[in-house]
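# Observations on the model geometry
Letter by letter, the chains look like this.
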Amino acid sequence: MWARVNDIDRMFGAMDLLRSRMNRLFTDFGRSYGEGYGWQIADGLPRTNLYDKGDEIKIMAEVPGLSKDELDIKIQGNYLELSGSRKSEVPEGYKFHRVERGALSFTRSFTLPSEVDADKTEASLKDGILTLSLPKAEAAKPKQIAVK
Amino acid sequence: MNETKELIKREENLPESSRQIPAVAPVVDIYENDDEILLHADMPGVKKEDVTVNVDNGKLAISGVRHLEASGATNWEEFGDVEYQRTFSVPQSIDVAKVNAELKDGVLRLHLPKSEAAKPRQIEIH
């Protein structure tokens, strides 16, 4: 009896797999060639992640092919502005078959969850990912409260 | 008792469901001149050792896996671990042995040189 249940279970498992593959087919299709494909979201803005690590905020942004001179970061209180531009790099003497990457310039601004210490902010660029470490301002840091 | 045993066995027999990372196609530029075909692909966050380039039977397959080091509470996350993969048909005239690739600032640059026989030749009139 159990062996048979197992068989049925496997069959459903296979069907689930097929269904999830089918679902992914459409989302992948949309992600690859639809609006906001590649590393950009709508309007050519780079994708970003924001993590709160307690005493600092970490921001990551996808900026492939941009050098550090092409990036500009401004911080004021809890307002952060990230801008950059990339020139189209059609090499001399080549004709093109396909240009999906192209030139772009963007400005993206954020309201940070708390005030940050702009002087101690560190930015690094590695493998096309910009990482910003923004230490929170003294007043915004989490404090341990001792119970009396 | 026997049934319990069967249950345990069944649990063990279930196919392991591993977390799959999504696959997306990277955006590419393709250029060509008389000597080579040039392919640029955006793969932000992919390390050199995680890139594979395969040329086989007229198919060029590029793939790069990105593992992000994330820590702390997530306020928002618009990108994560991903596998960039895309396959192209390449003409047989590519000299497979001389293909070279470089990865810089998250951009993969592939040089696909044409074999001598495929290069355009100027015919002189006597």
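Below, the structure is looked at part by part. Counting of residues starts from 1 at the beginning of each chain's written sequence and follows it residue by residue. Written order determines the labels here, with chains lettered from A and ligands numbered from 1. The model is predicted, so local features are restricted to residues of pLDDT at least 70 and side-chain atom pairs to those at 80 or more, both for listing and for counting; the totals for chains, interfaces and linings are taken over all residues.

The next subject is the interface of chain A and chain B. The interface is formed by 40 residues belonging to chain A together with 36 residues belonging to chain B. By the criteria applied, helices consist of DSSP H or I runs no shorter than four residues and strands consist of E runs no shorter than two, each listed in order from the N terminus. Going through the elements one at a time, helix H1 (2-33), strand S3 (48-52), strand S4 (56-62) and strand S7 (95-99) of chain A are the ones with two or more residues in the side of chain A that touches chain B. Per-element tally for the side of chain A that touches chain B: the top contributor is H1(A), with six residues. Put simply, Ala, Val, Leu, Ile, Met, Phe, Trp, Tyr, Cys and Pro go in the nonpolar bin, Asp, Glu, Lys and Arg in the charged bin, and everything else, Gly too, in the polar bin. When its residues are assigned to classes, the side of chain A that touches chain B shows 16 nonpolar, twelve polar and twelve charged. Being paired, for any two strands, means DSSP has found at least two bridges between them. Across four bridges, S7(A) lies against strand S2 (residues 28-32) of chain B in antiparallel orientation. Paired with Val99(A) across the bridge in S2(B) is Asp29(B). Whether two residues are in contact is decided by their C-beta atoms, placed from the backbone, lying within 7 Å.

This brings us to the sheet that holds strand S7 (residues 82-89) of chain B. All names here are of chain B. With mixed pairing, four strands are arranged side by side in an open sheet as S1-S7-S5-S4. With partners counted over all chains shown, the strands left at the sheet margins are strand S1 (23-24) and strand S4 (51-56), one partner each. In this structure, S4 lies alongside strand S5 (residues 59-66), joined through six bridges in antiparallel fashion. Paired with Val-53 across the two strands is Ile-62, which belongs to S5.

Residues Leu39(B), Ala41(B), Met43(B) and Leu108(B) are the most contacted members of the largest nonpolar core, which totals 16 residues. Listed by contribution, the elements that provide at least two residues to this core are strand S3 (36-42), S5, S7 and strand S9 (107-113) of chain B. Broken down by element, this core gets its largest block of residues, four residues, from S9(B). Setting aside chain neighbours within four positions, we find Leu108(B) in contact with Ala41(B), Met43(B), Val51(B), Ile62(B), Gly64(B), Ala101(B) and Leu103(B). Core membership is restricted to buried Ala, Val, Leu, Ile, Met, Phe, Trp, Tyr and Cys residues, and these are joined into a nonpolar core through C-beta atoms within 7 Å. With C-beta atoms placed from the backbone, a residue is labelled by how many other C-beta atoms lie within 10 Å of its own: buried for 20 or more, exposed for 12 or fewer, partly exposed between the two. With 14 residues, the next largest nonpolar core counts Ile57(A), Met60(A), Leu66(A) and Leu80(A) among its residues.

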